[in-house]
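Below are the chains, spelled out letter by letter.
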Amino acid sequence: MSDIATINITEKQLDLLLSGLRYVRSAEKLRVEEPTPEYVRTRTEKLDEISTLVDALNSSPRKQSAAQV
């Protein structure tokens, strides 16, 4: 995943996106299926992709807006 896309979202939207990713990660972890080597491999890949995306979103620079008084 070497391509980087820039999106403009608010902190509230980022929190919502991260919450959705946590839900998807939990759903994948709780999925019940026969633990075949193929299933374990694809599950691990999905969880790694989710983790990478969460890390990228958490470490992306954010514009600091002026404090509103």
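Let us look at the structure shown here.

Looking now at the nonpolar core. Leu14, Leu18, Leu21, Ile50, Val54 and Leu57 together form the largest nonpolar core, which totals six residues. For this core, the secondary structure elements donating two or more residues are α1 (11-30) and α2 (37-59).

Okay, a nonpolar patch on the surface next. A cluster of nonpolar side chains, namely Ile7, Ile9 and Leu17, defines an oily patch on the protein surface of about 240 Å² accessible area. By relative accessible area, Ile9 is classed as partly exposed at 36%.

With that settled, consider the pattern of salt bridges. By the definition in use, this model includes five salt bridges. Ionic pairing is found between Glu28 and Lys46, a salt bridge with its closest N-O pair at 3.9 Å. Within this pair, whereas Glu28 is found in helix α1, its partner Lys46 is found in helix α2, the two being separated by 18 residues in sequence. Among the residues examined, Glu28 registers a relative accessible area of 10% and is labelled buried. For Arg41, the salt bridge goes to Glu45, with nearest N and O atoms at 2.7 Å. Of the two residues, Arg41 and Glu45 both sit in helix α2, four residues apart, roughly one turn of that helix. When its relative accessible area of 40% is taken as the criterion, Arg41 is described as partly exposed. One salt-bridge network, held together by shared partners, links Glu28, Arg31, Glu33 and Lys46.

What counts and how
- Residues numbered from 1 in each chain as written.
- Predicted model: local features only at pLDDT ≥ 70, side-chain atom pairs only at ≥ 80, totals over all residues.
- Heavy atoms only, no water.
- Core = buried A, V, L, I, M, F, W, Y, C linked by side-chain atoms within 4.5 Å.
- Buried < 20%, exposed > 50% of the residue type's maximum accessible area, 1.4 Å probe, protein only.
- Helix = DSSP H or I, 4+ residues; strand = E, 2+ residues; numbered from the N terminus.
- Patch = residues over 30% accessible without salt bridge, like charges linked within 9 Å, V, L, I, M, F, W, Y side chains within 5 Å.
- Areas by Shrake-Rupley, 256 points an atom, 1.4 Å probe, with all protein chains shown as cover.
- Salt bridge = Lys/Arg side-chain N within 4 Å of Asp/Glu carboxyl O.

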